Amino acid sequence: MTNADRHSVIAQAVREAGQITVQELAALTGASEMTIRRDLDVLAGQGVLERFRGGARTLLLRGEEPPFALRARDAVDAKRLIAAEVSSLIADGESVLIDSGTTCLEVARLLRERPVTVMPLSLQAIHVLSDPPGQAALIVPGGRPRTAEGALTGPLTLAALAALRFDTAIIGCCGLSAAEGLTAYDLDDAAVKKAGIASARRVIVAADGGKLGRTAYAHVGPATLLHTLVTDTTAPADETAALEGAGTVVKTV
């Protein structure tokens, strides 16, 4: 098991159990307790979990958004497949808005090599798209980055979105259902998503199956605003069917 694989297993185990010991994690991963302690120190430094003597506990409260560092380890293969499908839907020469989030970051990595104009809404994606040599033309919005998330929010971000019109907005989400629509954990993030959707001719939502059927508390808009959903095979069939019934094109990878 590689370090990255072990870290993913540990992060998932802590999240599911709420609290777990070094001995339990050593048995789960087959690593030594000394290695597990080092892993926990690394993950604690990334904000994934909280260390205590002899183990670790989750930092998440009910309804709280998992930290970026933790989400970046979830469903990595699915997110890359989703990103590849989203990229295939973008034509050369398009102007594209890319939302914040781990799946949208994977899209940014691919569009960096395409002759498109891109405005990303996270510091992580700005970094990816500004690293030469790439083909994409980068537009950087203003705004205030959310701590640890890197997502840009606030009046400067909203003003940038109001001033521009995009061919396509690629939107991430915390939750999506046919009944409740698109939702986010953060009110400022929800406002940016709303403005991004309003600024684009076409809206593509990139979301792994774990986001479907889930609802966060900040409402972005009804599912009828979404032209296309790109998700993976873990998405609940009843949700994808309901979204298709409401007029959204669903592409499953």
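Further up the page is the structure itself.
Nothing here was measured: the structure is a model prediction, and the numbers come from that model. (Residues numbered from 1 in each chain as written. Predicted model: local features only at pLDDT ≥ 70, side-chain atom pairs only at ≥ 80, totals over all residues. Heavy atoms only, no water.)

## Some thoughts on the sheet that holds strand β13 (residues 218-221)
Inclusion rule: Here, any two strands with at least 2 DSSP bridges between them count as paired. Each helix is a run of H or I in the DSSP string that is no shorter than four residues. Each strand is a run of E no shorter than two, and both are numbered from the N terminus. With axes taken as lines fitted to C-alpha atoms, and helix axes fitted only over the stretch in contact, angles between N-to-C directions fall between 0 and 180 degrees. Two residues form a contact once any of their heavy atoms are found within 4.5 Å.
Read from one edge of the open sheet, 3 strands run β10-β11-β13, paired in antiparallel fashion. One side of each edge strand has no neighbouring strand; the edge strands of this open sheet are β10 (175-177) and β13. Strand after strand, the sheet turns through a mean of 30° between neighbouring axes, direction not considered. As paired strands, strand β11 (residues 181-184) and β13 are joined by 3 bridges and run antiparallel to one another. Note on β13: the bridge partner recorded for T183 is H219. Where helix α9 (residues 187-198) meets the sheet, its contacts fall on β11 and β13, and the angle it forms with β13 comes to roughly 0°.

## Some thoughts on the nonpolar core
How we decide: Each nonpolar core is a collection of buried residues, namely Ala, Val, Leu, Ile, Met, Phe, Trp, Tyr and Cys, held together in the definition by side-chain atoms within 4.5 Å. Throughout this description, buried means an accessible area under 20% of the type-specific maximum (1.4 Å probe, protein chains only), exposed means over 50%, and partly exposed covers the range between.
Residues L176, L182, V205 and L229 are the most contacted members of the largest nonpolar core, which totals 31 residues. When contributions to this core are tallied by element, the ones reaching two or more residues are α8 (155-163), β9 (166-171), β11, α9, β12 (200-206) and β13. When sequence neighbours within four positions are dropped, the list of residues in contact with L182 reads I171, C173, G175, L176, I197, V205, A218, H219, V220, G221 and L226. In terms of nonpolar packing, the next biggest core, distinct from the first, is built from 21 residues, V116, V128, A136 and V230 among them.

## Structural notes on the pairing of β11
As a general feature of sheets, a regular strand has side chains that alternate between the two faces. Both β10 and β11 contribute to a ladder of 3 bridges, which runs antiparallel. Paired with S177 across the bridge in β11 is G181. From the end of β10 to the start of β11, which pair antiparallel, there are 3 residues.

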